[in-house]
Amino acid sequence: MHRRRFLAAGAAAAAVGLAGCRSLFQTRSARSPPLVEDRPDAVYVPSHAEGMEMAGMGSAGDFQVALTYSYPHRFWLVSGDSTEKVEIEGSDSLHLMTTVWDPETMTVLPHGSVTATITRDGERLTSGKSLWPMLSQNMGVHAGDNLELDGDGTYEVEVTVPPLPTRRAGALSDRFGELGTASFTLEFSQSALEEISYERLPDRQGERDALDPMSMDTMPVSSTPEPGDLPGTVVGEGSSGDARFVVSRLASPPEGVSTEEDTTETAGGDESGDGSYLAVSMRTPYNGYPIPQASLSATVEGDGTTRYDGSLTPTVHPDLGYHYGAVAAVESGDDLTITVDGVPQIARHEGYETAFMSFDELSMTVEE
(Lines give C-alpha, C1' and ligand atoms only; values in the text may rest on other atoms or scores of the structure.)
Protein backbone atom coordinates (compact mmCIF):
# COMPACT_ATOMS: atom_id res chain seq x y z
CA MET A 1 0.00 0.00 0.00
CA HIS A 2 1.39 3.43 -0.94
CA ARG A 3 1.89 5.77 2.01
CA ARG A 4 0.60 8.75 0.00
CA ARG A 5 -2.70 6.96 -0.57
CA PHE A 6 -2.98 6.18 3.11
CA LEU A 7 -2.42 9.82 4.09
CA ALA A 8 -4.97 11.01 1.56
CA ALA A 9 -7.71 8.78 2.99
CA GLY A 10 -9.96 9.55 5.93
CA ALA A 11 -9.67 7.79 9.25
CA ALA A 12 -12.43 5.29 8.50
CA ALA A 13 -11.06 4.49 5.05
CA ALA A 14 -7.60 4.14 6.53
CA ALA A 15 -8.84 1.62 9.06
CA VAL A 16 -10.47 -0.45 6.36
CA GLY A 17 -7.36 -0.15 4.20
CA LEU A 18 -5.06 -1.24 6.99
CA ALA A 19 -7.24 -4.25 7.73
CA GLY A 20 -7.10 -5.19 4.08
CA CYS A 21 -3.32 -4.81 4.02
CA ARG A 22 -2.96 -6.93 7.14
CA SER A 23 -5.00 -9.65 5.50
CA LEU A 24 -2.94 -9.40 2.33
CA PHE A 25 0.34 -9.44 4.27
CA GLN A 26 -0.83 -12.47 6.25
CA THR A 27 -1.73 -14.27 3.02
CA ARG A 28 1.63 -13.49 1.46
CA SER A 29 3.46 -14.50 4.63
CA ALA A 30 1.63 -17.83 4.60
CA ARG A 31 2.67 -18.29 0.97
CA SER A 32 6.33 -17.60 1.77
CA PRO A 33 7.10 -20.14 4.49
CA PRO A 34 10.52 -20.20 6.15
CA LEU A 35 13.35 -21.37 3.94
CA VAL A 36 14.50 -24.94 4.33
CA GLU A 37 17.06 -25.26 7.11
CA ASP A 38 20.54 -26.51 6.17
CA ARG A 39 19.94 -26.14 2.45
CA PRO A 40 22.45 -28.19 0.46
CA ASP A 41 24.87 -26.52 -1.96
CA ALA A 42 22.90 -28.26 -4.66
CA VAL A 43 19.47 -28.46 -6.25
CA TYR A 44 16.82 -29.28 -3.64
CA VAL A 45 13.04 -29.51 -3.32
CA PRO A 46 11.77 -26.09 -2.15
CA SER A 47 9.39 -25.44 0.72
CA HIS A 48 6.39 -25.12 -1.57
CA ALA A 49 5.16 -25.34 -5.15
CA GLU A 50 3.14 -22.66 -6.96
CA GLY A 51 1.11 -22.80 -10.12
CA MET A 52 0.70 -20.01 -12.66
CA GLU A 53 -1.96 -18.42 -14.82
CA MET A 54 -1.68 -17.78 -18.56
CA ALA A 55 -2.45 -14.18 -19.60
CA GLY A 56 -1.90 -14.76 -23.30
CA MET A 57 0.45 -15.60 -26.15
CA GLY A 58 1.53 -13.52 -29.12
CA SER A 59 4.12 -12.95 -31.82
CA ALA A 60 6.91 -10.43 -31.39
CA GLY A 61 8.55 -10.46 -34.79
CA ASP A 62 10.25 -13.83 -35.17
CA PHE A 63 9.73 -14.56 -31.47
CA GLN A 64 6.73 -16.24 -29.88
CA VAL A 65 5.98 -14.94 -26.38
CA ALA A 66 3.79 -16.19 -23.53
CA LEU A 67 2.80 -13.89 -20.68
CA THR A 68 2.04 -15.63 -17.39
CA TYR A 69 1.76 -14.66 -13.73
CA SER A 70 1.70 -16.13 -10.25
CA TYR A 71 1.96 -15.04 -6.63
CA PRO A 72 4.72 -12.59 -5.73
CA HIS A 73 7.60 -14.67 -4.46
CA ARG A 74 11.18 -14.47 -3.31
CA PHE A 75 14.03 -15.12 -5.68
CA TRP A 76 17.77 -14.65 -5.81
CA LEU A 77 19.88 -12.47 -8.10
CA VAL A 78 23.43 -13.51 -8.90
CA SER A 79 26.28 -11.02 -9.06
CA GLY A 80 29.70 -12.47 -9.65
CA ASP A 81 30.13 -15.30 -7.18
CA SER A 82 27.43 -14.23 -4.72
CA THR A 83 23.63 -14.17 -4.51
CA GLU A 84 21.23 -11.49 -3.28
CA LYS A 85 17.79 -12.46 -2.02
CA VAL A 86 14.87 -10.39 -3.32
CA GLU A 87 12.11 -10.31 -0.74
CA ILE A 88 8.41 -9.83 -1.42
CA GLU A 89 7.46 -6.17 -0.91
CA GLY A 90 4.12 -5.18 0.58
CA SER A 91 3.17 -3.39 -2.65
CA ASP A 92 3.90 -6.37 -4.93
CA SER A 93 0.75 -7.57 -6.70
CA LEU A 94 2.03 -10.50 -8.74
CA HIS A 95 5.07 -12.20 -10.23
CA LEU A 96 4.93 -11.45 -13.96
CA MET A 97 6.73 -13.86 -16.30
CA THR A 98 7.52 -14.22 -20.00
CA THR A 99 8.69 -17.24 -21.96
CA VAL A 100 10.22 -16.69 -25.41
CA TRP A 101 10.61 -19.38 -28.06
CA ASP A 102 10.96 -20.14 -31.76
CA PRO A 103 7.49 -21.10 -33.03
CA GLU A 104 8.94 -23.18 -35.87
CA THR A 105 11.18 -25.51 -33.84
CA MET A 106 9.58 -24.88 -30.39
CA THR A 107 13.04 -24.08 -29.03
CA VAL A 108 12.92 -21.90 -25.90
CA LEU A 109 15.31 -18.96 -26.35
CA PRO A 110 17.00 -17.79 -23.13
CA HIS A 111 16.99 -13.99 -23.37
CA GLY A 112 18.41 -11.52 -20.87
CA SER A 113 16.84 -8.28 -22.12
CA VAL A 114 13.04 -8.71 -22.22
CA THR A 115 11.12 -5.63 -21.04
CA ALA A 116 7.50 -4.96 -20.09
CA THR A 117 5.43 -1.77 -20.20
CA ILE A 118 2.14 -1.80 -18.28
CA THR A 119 -0.68 0.71 -18.77
CA ARG A 120 -4.20 1.07 -17.38
CA ASP A 121 -6.80 3.44 -18.80
CA GLY A 122 -4.06 5.21 -20.72
CA GLU A 123 -1.87 5.73 -17.62
CA ARG A 124 1.55 4.16 -17.81
CA LEU A 125 2.33 2.31 -14.57
CA THR A 126 5.55 0.59 -15.63
CA SER A 127 7.67 1.73 -18.56
CA GLY A 128 10.26 -0.54 -20.14
CA LYS A 129 10.71 -2.61 -16.99
CA SER A 130 13.55 -5.09 -17.48
CA LEU A 131 12.53 -8.59 -16.44
CA TRP A 132 15.19 -10.73 -14.79
CA PRO A 133 16.25 -13.85 -16.72
CA MET A 134 15.39 -16.65 -14.30
CA LEU A 135 15.53 -20.37 -13.69
CA SER A 136 12.77 -22.18 -11.79
CA GLN A 137 12.04 -25.84 -11.24
CA ASN A 138 8.57 -25.87 -12.72
CA MET A 139 9.03 -23.29 -15.53
CA GLY A 140 12.67 -23.70 -16.48
CA VAL A 141 14.25 -20.68 -18.18
CA HIS A 142 12.05 -17.57 -18.35
CA ALA A 143 12.13 -13.88 -17.45
CA GLY A 144 10.18 -12.29 -14.61
CA ASP A 145 9.88 -9.98 -11.63
CA ASN A 146 7.53 -9.03 -8.81
CA LEU A 147 5.49 -6.02 -9.93
CA GLU A 148 2.90 -3.67 -8.45
CA LEU A 149 -0.47 -3.11 -10.10
CA ASP A 150 -3.18 -0.62 -9.18
CA GLY A 151 -5.74 -3.09 -7.86
CA ASP A 152 -8.21 -5.27 -9.72
CA GLY A 153 -8.87 -4.34 -13.32
CA THR A 154 -7.78 -4.56 -16.94
CA TYR A 155 -4.17 -3.80 -17.87
CA GLU A 156 -2.39 -3.56 -21.20
CA VAL A 157 1.05 -5.18 -21.21
CA GLU A 158 3.54 -4.57 -24.00
CA VAL A 159 6.45 -7.02 -24.06
CA THR A 160 9.53 -6.02 -26.05
CA VAL A 161 12.07 -8.65 -27.11
CA PRO A 162 15.35 -7.21 -28.50
CA PRO A 163 17.50 -9.13 -31.00
CA LEU A 164 18.74 -12.34 -29.43
CA PRO A 165 22.33 -11.68 -28.28
CA THR A 166 23.19 -15.39 -28.16
CA ARG A 167 24.81 -16.96 -31.22
CA ARG A 168 22.22 -18.82 -33.29
CA ALA A 169 23.06 -21.97 -35.25
CA GLY A 170 21.36 -24.49 -37.51
CA ALA A 171 17.79 -23.57 -38.47
CA LEU A 172 17.98 -20.57 -36.11
CA SER A 173 21.10 -19.06 -37.67
CA ASP A 174 19.48 -16.34 -39.79
CA ARG A 175 16.63 -15.38 -37.44
CA PHE A 176 15.94 -13.36 -34.26
CA GLY A 177 18.17 -10.49 -35.33
CA GLU A 178 15.47 -7.82 -35.02
CA LEU A 179 13.46 -6.36 -32.15
CA GLY A 180 9.90 -7.59 -31.72
CA THR A 181 6.94 -6.42 -29.64
CA ALA A 182 3.85 -8.30 -28.45
CA SER A 183 0.77 -6.79 -26.77
CA PHE A 184 -1.40 -8.49 -24.16
CA THR A 185 -4.52 -7.71 -22.14
CA LEU A 186 -4.19 -8.78 -18.51
CA GLU A 187 -7.40 -9.18 -16.53
CA PHE A 188 -6.21 -9.10 -12.93
CA SER A 189 -8.08 -9.69 -9.69
CA GLN A 190 -6.80 -10.63 -6.26
CA SER A 191 -9.49 -13.31 -5.96
CA ALA A 192 -8.40 -14.98 -9.21
CA LEU A 193 -4.76 -14.82 -8.09
CA GLU A 194 -5.68 -16.60 -4.86
CA GLU A 195 -7.16 -19.46 -6.89
CA ILE A 196 -3.79 -20.35 -8.43
CA SER A 197 -2.54 -23.65 -7.04
CA TYR A 198 -0.25 -23.60 -4.04
CA GLU A 199 1.13 -26.56 -2.08
CA ARG A 200 3.41 -26.80 0.95
CA LEU A 201 5.93 -29.64 0.77
CA PRO A 202 6.89 -30.47 4.38
CA ASP A 203 7.75 -34.09 3.63
CA ARG A 204 9.95 -33.38 0.61
CA GLN A 205 11.51 -29.98 1.21
CA GLY A 206 15.30 -30.05 1.30
CA GLU A 207 15.61 -33.36 -0.56
CA ARG A 208 18.20 -33.60 -3.33
CA ASP A 209 15.56 -33.58 -6.04
CA ALA A 210 13.43 -31.10 -8.01
CA LEU A 211 9.81 -30.31 -8.77
CA ASP A 212 8.48 -31.68 -12.05
CA PRO A 213 8.36 -29.32 -15.04
CA MET A 214 4.96 -27.86 -15.81
CA SER A 215 3.08 -29.45 -18.69
CA MET A 216 1.25 -27.21 -21.16
CA ASP A 217 0.12 -27.97 -24.68
CA THR A 218 0.27 -24.33 -25.75
CA MET A 219 3.87 -23.48 -24.90
CA PRO A 220 7.20 -25.31 -24.53
CA VAL A 221 9.39 -25.57 -21.45
CA SER A 222 13.13 -25.06 -21.84
CA SER A 223 14.92 -28.37 -22.20
CA THR A 224 18.08 -30.05 -23.44
CA PRO A 225 18.22 -33.19 -25.60
CA GLU A 226 18.90 -36.51 -23.97
CA PRO A 227 22.55 -37.50 -24.57
CA GLY A 228 21.50 -40.16 -27.06
CA ASP A 229 19.53 -37.57 -29.05
CA LEU A 230 22.36 -35.06 -29.44
CA PRO A 231 23.81 -34.58 -32.93
CA GLY A 232 27.31 -35.86 -33.51
CA THR A 233 29.04 -38.18 -31.06
CA VAL A 234 28.81 -37.83 -27.30
CA VAL A 235 32.45 -37.97 -26.21
CA GLY A 236 32.08 -37.47 -22.47
CA GLU A 237 29.80 -36.67 -19.54
CA GLY A 238 30.38 -35.44 -16.01
CA SER A 239 29.11 -33.33 -13.11
CA SER A 240 30.45 -30.29 -11.27
CA GLY A 241 28.77 -27.70 -9.08
CA ASP A 242 25.68 -29.95 -9.20
CA ALA A 243 25.36 -29.21 -12.94
CA ARG A 244 25.53 -31.97 -15.53
CA PHE A 245 27.80 -31.60 -18.54
CA VAL A 246 27.32 -33.56 -21.75
CA VAL A 247 29.97 -33.05 -24.44
CA SER A 248 29.29 -33.79 -28.09
CA ARG A 249 31.64 -33.65 -31.07
CA LEU A 250 30.32 -32.78 -34.52
CA ALA A 251 32.44 -33.50 -37.57
CA SER A 252 31.98 -29.92 -38.78
CA PRO A 253 30.57 -26.68 -37.36
CA PRO A 254 26.81 -26.20 -37.77
CA GLU A 255 25.40 -23.49 -39.99
CA GLY A 256 25.77 -20.09 -38.37
CA VAL A 257 29.08 -20.87 -36.63
CA SER A 258 31.90 -19.04 -38.35
CA THR A 259 35.44 -20.35 -38.04
CA GLU A 260 36.44 -16.73 -37.62
CA GLU A 261 34.46 -16.51 -34.37
CA ASP A 262 36.16 -19.52 -32.77
CA THR A 263 39.92 -19.78 -33.16
CA THR A 264 41.77 -23.00 -32.60
CA GLU A 265 45.04 -22.30 -30.84
CA THR A 266 47.66 -25.01 -31.24
CA ALA A 267 51.24 -25.31 -30.12
CA GLY A 268 52.28 -24.28 -33.59
CA GLY A 269 50.26 -21.09 -33.43
CA ASP A 270 47.74 -22.12 -36.09
CA GLU A 271 44.53 -20.12 -35.70
CA SER A 272 42.80 -21.29 -38.83
CA GLY A 273 39.74 -22.50 -36.96
CA ASP A 274 39.72 -25.73 -38.99
CA GLY A 275 38.39 -28.70 -37.07
CA SER A 276 35.31 -30.31 -35.61
CA TYR A 277 32.73 -28.59 -33.43
CA LEU A 278 32.84 -29.08 -29.67
CA ALA A 279 29.44 -28.60 -27.98
CA VAL A 280 29.15 -28.57 -24.18
CA SER A 281 25.60 -28.88 -22.84
CA MET A 282 25.46 -27.54 -19.27
CA ARG A 283 22.18 -28.57 -17.69
CA THR A 284 20.36 -28.92 -14.40
CA PRO A 285 20.10 -32.34 -12.77
CA TYR A 286 16.67 -34.02 -12.63
CA ASN A 287 14.88 -31.75 -15.15
CA GLY A 288 17.66 -31.17 -17.68
CA TYR A 289 17.06 -27.44 -18.15
CA PRO A 290 19.83 -25.53 -19.93
CA ILE A 291 21.90 -23.31 -17.63
CA PRO A 292 22.60 -20.05 -19.48
CA GLN A 293 24.71 -16.98 -18.71
CA ALA A 294 27.82 -18.86 -17.58
CA SER A 295 31.36 -18.43 -18.92
CA LEU A 296 33.04 -21.66 -20.02
CA SER A 297 36.36 -22.54 -21.60
CA ALA A 298 37.97 -25.75 -22.78
CA THR A 299 41.44 -27.22 -23.27
CA VAL A 300 42.03 -30.14 -25.64
CA GLU A 301 45.40 -31.91 -25.53
CA GLY A 302 46.57 -34.92 -27.51
CA ASP A 303 49.76 -36.39 -28.91
CA GLY A 304 51.78 -33.87 -26.94
CA THR A 305 49.95 -30.96 -28.58
CA THR A 306 47.44 -28.47 -27.28
CA ARG A 307 44.80 -28.68 -29.96
CA TYR A 308 42.52 -26.06 -28.41
CA ASP A 309 42.72 -23.69 -25.46
CA GLY A 310 40.04 -21.03 -25.38
CA SER A 311 36.53 -19.96 -24.58
CA LEU A 312 33.26 -21.66 -25.46
CA THR A 313 30.60 -19.42 -27.00
CA PRO A 314 26.99 -19.54 -25.76
CA THR A 315 24.97 -20.85 -28.70
CA VAL A 316 21.40 -21.96 -29.32
CA HIS A 317 20.63 -24.68 -31.86
CA PRO A 318 17.31 -26.54 -32.29
CA ASP A 319 18.96 -29.98 -32.02
CA LEU A 320 21.83 -29.21 -29.65
CA GLY A 321 19.75 -26.88 -27.48
CA TYR A 322 21.37 -24.03 -25.59
CA HIS A 323 25.03 -24.96 -25.21
CA TYR A 324 28.59 -23.62 -25.15
CA GLY A 325 30.59 -24.38 -28.27
CA ALA A 326 33.76 -23.83 -30.27
CA VAL A 327 35.41 -24.96 -33.47
CA ALA A 328 38.20 -27.22 -32.22
CA ALA A 329 40.23 -30.17 -33.45
CA VAL A 330 39.15 -33.03 -31.17
CA GLU A 331 40.22 -36.63 -31.61
CA SER A 332 39.59 -39.88 -29.80
CA GLY A 333 41.90 -40.32 -26.83
CA ASP A 334 42.47 -36.57 -26.33
CA ASP A 335 42.39 -35.12 -22.85
CA LEU A 336 39.56 -32.61 -22.50
CA THR A 337 39.23 -30.15 -19.62
CA ILE A 338 36.11 -28.02 -19.16
CA THR A 339 36.42 -24.97 -16.89
CA VAL A 340 33.62 -22.75 -15.61
CA ASP A 341 35.29 -19.34 -15.58
CA GLY A 342 32.18 -17.47 -14.46
CA VAL A 343 29.18 -18.89 -12.59
CA PRO A 344 25.76 -18.60 -14.28
CA GLN A 345 24.49 -15.07 -13.71
CA ILE A 346 20.86 -16.08 -14.19
CA ALA A 347 18.49 -15.38 -11.26
CA ARG A 348 17.09 -18.39 -9.42
CA HIS A 349 13.83 -19.38 -7.82
CA GLU A 350 13.89 -21.30 -4.55
CA GLY A 351 15.55 -24.69 -4.92
CA TYR A 352 18.22 -23.47 -7.35
CA GLU A 353 19.74 -20.58 -5.40
CA THR A 354 22.39 -22.70 -3.67
CA ALA A 355 23.41 -24.71 -6.73
CA PHE A 356 25.70 -23.85 -9.67
CA MET A 357 27.82 -21.45 -7.59
CA SER A 358 31.15 -23.26 -7.22
CA PHE A 359 32.76 -25.52 -9.81
CA ASP A 360 35.78 -27.77 -10.10
CA GLU A 361 37.46 -28.37 -13.42
CA LEU A 362 35.94 -31.27 -15.29
CA SER A 363 38.45 -33.57 -16.96
CA MET A 364 37.69 -36.45 -19.29
CA THR A 365 39.22 -38.53 -22.04
CA VAL A 366 37.51 -38.08 -25.39
CA GLU A 367 35.69 -41.23 -26.38
CA GLU A 368 34.46 -42.26 -29.79
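Every value quoted in this text rests on a predicted model; they were computed, and no experiment measured them.

**Q** Help me get a handle on the pairing of strand β8 (residues 115-120), residues and values and all.
**A** In terms of residue burial, β8 counts as a mostly covered element, since five of its six residues are buried. In this sheet, strand β9 (residues 123-130) lies alongside β8 in antiparallel orientation, the contact comprising five bridges. Bridge pairing in β9 links Ile118 to Thr126. The hairpin turn running from β8 into β9, its antiparallel successor, is two residues long, and Asp121 in that turn takes a positive phi close to 55 degrees. As paired elements, β8 and strand β12 (residues 153-161) share five bridges and run antiparallel to each other.

**Q** Please provide a residue-by-residue account of a negative patch on the surface, values included.
**A** Negative charge collects at one region of the surface, where Asp62, Asp174, Glu178 and Glu255 lie side by side. Among the secondary structure elements, Asp174 is positioned in the loop between β13 (167-168) and β14 (180-188).

**Q** Before we move on, could you go through the pairing of strand β5 (residues 82-86) and cite the residues and values that matter?
**A** Bridge analysis of strand β4 (residues 75-79) against β5 gives five bridges, and the strand direction is antiparallel. By the bridge assignment for β5, Trp76 is matched with Lys85. If you look at the hairpin formed by β4 and β5, you'll find two residues sitting between the two strands, and Gly80 has a positive phi there, around 65 degrees.

**Q** Help me get a handle on the environment of Val257, residues and values and all.
**A** Inspection of the secondary structure assignment puts Val257 in the loop between β17 (243-250) and β18 (276-283). Sequence spacing of Val257 and Tyr277 is 20 residues, and the spatial spacing of their C-alpha atoms is 9.1 Å.

**Q** Let's hear about the nonpolar core: which residues, and what values?
**A** In this structure, Phe245, Met282, Leu296, Leu312, Leu336, Ile338 and Phe356 are the most contacted members of the largest nonpolar core, which totals 46 residues. For this core, the elements supplying multiple residues, two or more each, are β6 (94-102), β17, β18, β19 (295-302), β20 (305-317), β21 (321-328), β22 (335-342) and β24 (362-365). Looking at this core element by element, the count peaks at four residues for β21. When neighbours within four sequence positions are excluded, Leu296 is seen to be in contact with Phe245, Val280, Met282, Ser311, Leu312, Tyr324, Ile338, Thr339, Val340 and Asp341. Formed by 31 residues, the second largest nonpolar core is a distinct cluster that contains Leu109, Leu164, Ala182 and Leu186.

Rules and cut-offs
Residues numbered from 1 in each chain as written. Predicted model: local features only at pLDDT ≥ 70, side-chain atom pairs only at ≥ 80, totals over all residues. Heavy atoms only, no water. Buried < 20%, exposed > 50% of the residue type's maximum accessible area, 1.4 Å probe, protein only. Helix = DSSP H or I, 4+ residues; strand = E, 2+ residues; numbered from the N terminus. Pairing = 2+ DSSP bridges. Patch = residues over 30% accessible without salt bridge, like charges linked within 9 Å, V, L, I, M, F, W, Y side chains within 5 Å. Areas by Shrake-Rupley, 256 points an atom, 1.4 Å probe, with all protein chains shown as cover. Salt bridge = Lys/Arg side-chain N within 4 Å of Asp/Glu carboxyl O. Lys, Arg positive; Asp, Glu negative; His and termini not counted. Charge placed at Lys NZ, Arg CZ, Asp CG, Glu CD. Core = buried A, V, L, I, M, F, W, Y, C linked by side-chain atoms within 4.5 Å. Contact = heavy atoms within 4.5 Å.

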